[in-house]
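Single-letter residue listing:
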Amino acid sequence: MRHLFILLVVLASATASFSQKVDLDKETIPVNYLRLPKDPLPDSYKFYSSIVSSRPNDLPSIGLSEASIQKYLVVPGYTRLKTGGDFNLELTIEDFKYEGTTDIQTEKKTSKDKNGKEIVTTTYKAAVKYIQPVALKIRNKEDNVLLEKKWNETAQEYKSGEYASFKDVDAFVKNGMAREISKKRQEDLLRLMADIQRQVAQKYGFTPLKDNTELWILDSEKHPDYAGFQQAYKTAQTAFGTMRSEAPVDSVVLLAKPAFDYFSGQISKYNPEEKGQKKLKYACLFNLAQMHFWTENYKAATDYANQVITNDYDPKDGKRLLEDIADVQASLEKCKKTTRHFAVVVDTVAEEKAKETVYDSDKSLRVEAYKDEQKGVSATTVEKVGKIVYTNGKEINGSFLMDGPTRFFADKANTRFSTESENSAVAYVPDFSKLSSFSIGEDLYRCIPFKSALSAQIGGKPSVEIMQVVYESPKVVIYLAYTGDRRSVAFPAEYAILKVKDNEMISLSGLKFALNLEKGLQKEFSDCKPVIEQIEKGGFKRNNTSMAELGKLLDSCF
């Protein structure tokens with residue numbers, strides 16, 4: 001009888017323990033995984049590139065650069081190349097334009113002072129509309145468009161703050177409004193780029209995510225299972241803290257095994273007919289479903305989620321778990337993956353092959369159009385490769401711009417020198433007084449002292465003039481002189497012969513040659529038989545071809 005009494009006391013005590021109040025709290029454990037894309041690209045795709053096409057000065061004008069925009073054109077899970085790839089993202093930032101002019105708006109407000117006198121206050125505000133559409137095009141290596149989308153297609157309006165006078169708002173328009181609009185444009189563009197980055201990543205990327213999931217933990221300290229729940233939670237928390245999106249979950253499962261064992265071992269101990277025990281059984285089933293789900297044992301997770309429903313303490317949780325399991329499994333199948341935990345392995349051989357793909361873009365055309373604008377290129381502009389050499393020996397390569405067929409070298413005239421960088425250009429009229437020589441295409445010019453025979457000045461020293469080299473050898477040089485106020489070719493053209501040995505310059509526009517070129521040449525070079533013979537055959541004309549021929553003949557005599 002005594003033993004029976006003791007057994008009854010123990011059973012009564014245990015029943016009392018399980019019947020006491022049960023409080024559950026949700027506690028978080030960390031999880032890392034790859035978010036799967038909504039529209040996965042072909043499994044063979046590994047590489048991509050990106051292009052930012054914009055007017056070269058637009059981004060710098062708002063404190064940004066192409067590099068700062070490129071940071072948003074990323075697709076997680078794929079290797080980015082400078083060029084080529086299996087697919088390409090091209091972001092086009094169209095030219096910034098104001099629409100209309102600045103509008104000064106006035107507003108009158110009526111109020112009364114303490115004496116009831118009506119007071120009218122006028123305030124001024126500046127408003128202007130502008131537009132700068134942004135477009136994204138994603139193409140694959142077969143040049144098929146995968147995505148094409150555009151933003152900011154309608155004009156936006158900027159409004160200033162209120163000013164007390166027209167003078168104040170006018171000063172703001174002239175000195176501060178452009179800066180404030182630039183700030184707003186920068187903020188708006190960066191906000192848009194962050195949204196584009198998010199959309200692209202969700203659509204195509206395998207994005208590494210750090211998140212938290214929840215477990216139900218017994219929070220009734222006097223309950224006999226309190227310590228077991230707490231220890232199991234700490235074990236799970238430590239184990240899941242080692243989870244990485246790029247690594248398999250096997251080690252997580254191994255570390256969390258004591259927690260799995262504890263919750264699965266508790267299930268059969270609870271009587272679902274008793275409310276508190278039913279609640280604890282629900283917690284164990286829910287925790288097991290969650291832990292198996294995040295360690296990718298979807299069969300076990302499904303089984304425990306169904307048991308959550310059958311347990312009937314909170315069947316909605318079980319249904320939500322089944323929906324999550326189904327969604328992930330469908331995504332895995334769609335993406336042809338078996339896990340949400342893997343690392344991207346770069347195939348260097350495939351990478352070199354992927355770089356060979358070329359994606360056409362209007363970027364270079366826009367850059368060239370901007371450079372032409374900076375250089376002042378028009379429909380009549382002739383551009384030729386050139387070089388200038390300063391008297392101190394410094395050389396600069398670039399190009400010469402000539403507006404029309406007539407060439408002038410005067411300040412504010414039409415022959416300008418242009419240099420270019422990757423995204424910009426500058427054009428200016430060189431200071432010819434500081435040059436020793438320059439070239440335009442195949443034509444060579446020297447800036448040397450020369451006293452023109454056409455000058456009205458008597459006496460004096462020769463001035464530095466631009467002289468085109470028509471013919472040159474170690475013995476003789478034929479120049480075409482660009483003299484006069486406009487430094488254009490004089491009419492008739494003034495040619496000059498330099499005898500290198502004597503350093504003597506002979507102008508063919510001097511008195512001896514002006515009236516009759518052939519007679520002048522006969523007198524000057526009577527001892528040069530080839531020149532005399534050519535004069536007898538037909539003579540020489542004042543053009544570069546004929547003068548070059550004269551130089552060759554003189555070369556044989558000097």
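Provided above is the structure to which this section pertains.
Residues numbered from 1 in each chain as written. Predicted model: local features only at pLDDT ≥ 70, side-chain atom pairs only at ≥ 80, totals over all residues. Heavy atoms only, no water.

## Some points on the pairing of strand E15 (residues 435-440)
Part 1 of the reasoning: Most of E15 is tucked away, with five of its six residues classed as buried.
Part 2 of the reasoning: Bridging between strand E11 (residues 381-390) and E15 involves five bridges; their strand directions are antiparallel. Within E15, the residue paired with glycine 386 across the bridge is isoleucine 440.
Part 3 of the reasoning: Relative to strand E16 (residues 443-450), E15 runs antiparallel, the two sharing four bridges. Counterpart to serine 439 in the pairing with E16 is leucine 444.
Part 4 of the reasoning: Linking E15 back to E16 in an antiparallel pair, the connection comprises two residues, with glycine 441 at a positive phi of about 60°. (Buried < 20%, exposed > 50% of the residue type's maximum accessible area, 1.4 Å probe, protein only. Helix = DSSP H or I, 4+ residues; strand = E, 2+ residues; numbered from the N terminus. Pairing = 2+ DSSP bridges.)

## Examining the pattern of salt bridges
Opposite charge on two side chains lets them pair, provided their charged atoms get close.
Part 1 of the reasoning: Tallying each qualifying case throughout the model produces 31 salt bridges.
Part 2 of the reasoning: Taking the shortest distance from any N to any O, the salt bridge between glutamate 180 and lysine 183 comes out at 3.5 Å. Linking glutamate 180 with lysine 183, this pair stays in helix H5 (residues 177-204), spanning three residues, or about one helical turn.
Part 3 of the reasoning: Classification of glutamate 180 by relative accessible area gives partly exposed; the value is 27%.
Part 4 of the reasoning: Since its relative accessible area comes to 44%, lysine 183 is described here as partly exposed.
Part 5 of the reasoning: With its nearest N and O atoms 2.3 Å apart, the salt bridge here joins aspartate 317 to arginine 320. Here arginine 320 and aspartate 317 lie together in helix H10 (residues 315-335), a separation of three residues that amounts to about one turn.
Part 6 of the reasoning: Here arginine 320 falls in the partly exposed class, since its relative accessible area comes to 43%.
Part 7 of the reasoning: Taken together, the shared-partner salt bridges in this structure form one network comprising Glu368, Lys371, Asp372, Lys375, Glu383 and Glu420. (Salt bridge = Lys/Arg side-chain N within 4 Å of Asp/Glu carboxyl O.)

## So, the packing of aromatic side chains
Part 1 of the reasoning: Per the counting criterion, the structure on display carries 25 aromatic pairs.
Part 2 of the reasoning: Above the plane of the ring of phenylalanine 206 lies lysine 337, whose end atom (NZ or CZ) is 5.5 Å from the centre.
Part 3 of the reasoning: Of note, lysine 337 hangs over the ring of phenylalanine 342, and the distance from its end group to the ring centre comes to 4.8 Å. (Phe/Tyr/Trp six-rings, centres within 6.5 Å; stacked < 30°, edge-to-face > 60°. Lys NZ or Arg CZ within 6 Å of the ring centre and 35° of its normal.)

## Regarding empty space enclosed by the protein
Any empty space left between atoms is shown by rolling a water-sized probe over those atoms.
Part 1 of the reasoning: As enumerated under the stated definition, the model contains one cavity of 30 Å³ or more in all.
Part 2 of the reasoning: In this structure, the largest cavity occupies an estimated 110 Å³ of space.
Part 3 of the reasoning: Lining of the largest cavity is provided by Ile62, Ile93, Tyr130, Ile131, Gln132, Val134, Asn152, Gln156, Arg185, Asp188 and Leu189.
Part 4 of the reasoning: Listed by contribution, the elements that provide at least two residues to the lining of the largest cavity are strand E6 (118-131) and H5.
Part 5 of the reasoning: For the lining of the largest cavity, the element with the highest residue contribution is H5, accounting for three residues.
Part 6 of the reasoning: In the lining of the largest cavity, the residues fall into six nonpolar, three polar and two charged. (1 Å grid on protein atoms, 1.4 Å probe; cavity = no way out; pocket = protein on both sides within 12 Å on 5 of 7 lines; lining within 4 Å. Points joined across faces, edges and corners; volume = space filled by probe spheres on them. Nonpolar A, V, L, I, M, F, W, Y, C, P; charged D, E, K, R; others polar.)

## Section: the nonpolar core
Part 1 of the reasoning: Ranked by internal contacts, the top residues of the largest apolar core, which has 73 residues, are Phe87, Leu89, Leu91, Leu189, Phe229, Phe240 and Met291.
Part 2 of the reasoning: Sort the elements by how many residues they give to this core and helix H8 (residues 275-294) lands first, with 11 residues.
Part 3 of the reasoning: For phenylalanine 240, the residues in contact, after removing those within four places along its chain, are Ile29, Pro30, Val31, Val252, Ala256, Met291, Trp294 and Thr295.
Part 4 of the reasoning: Membership of the second largest hydrophobic core comes to 37 residues, among which are Phe400, Phe438, Tyr482 and Ile497. (Core = buried A, V, L, I, M, F, W, Y, C linked by side-chain atoms within 4.5 Å. Contact = heavy atoms within 4.5 Å.)

## Notes on the pairing of strand E18 (residues 476-483)
The side chains of a regular strand alternate between both faces of the sheet.
Part 1 of the reasoning: Along E18, eight of the eight residues are buried, which leaves the element largely enclosed by surrounding structure.
Part 2 of the reasoning: In E18, alternate side chains face the same way, and those of Val476, Ile478, Leu480 and Tyr482 on one face and Val477, Tyr479, Ala481 and Thr483 on the other are all buried.
Part 3 of the reasoning: Relative to E18, strand E17 (residues 463-472) runs antiparallel, the two sharing six bridges. Each residue of the ladder has a partner; that of valine 469, found in E18, is tyrosine 479.
Part 4 of the reasoning: From the end of E17 to the start of E18, which pair antiparallel, there are three residues.

## Structural notes on the sheet that holds strand E5 (residues 97-112)
Part 1 of the reasoning: Taken together, three strands build an open sheet; the order of strands is E5-E6-E9 and the sheet is antiparallel. Single-partner strands in this sheet number two, and they are E5 and strand E9 (156-159). The mean inter-strand angle of the sheet, taken between neighbouring strand axes irrespective of direction, is 25°.
Part 2 of the reasoning: Of the strands in this sheet, E5, E6 and E9 touch helix H4 (residues 166-175), which is tilted by about 15° from E6.
Part 3 of the reasoning: With respect to the sheet, H5 is in contact with E5, E6 and E9, its orientation differing from that of E6 by roughly 55°. (Axes fitted to C-alpha atoms, helices over the stretch in contact; angles between N-to-C directions.)

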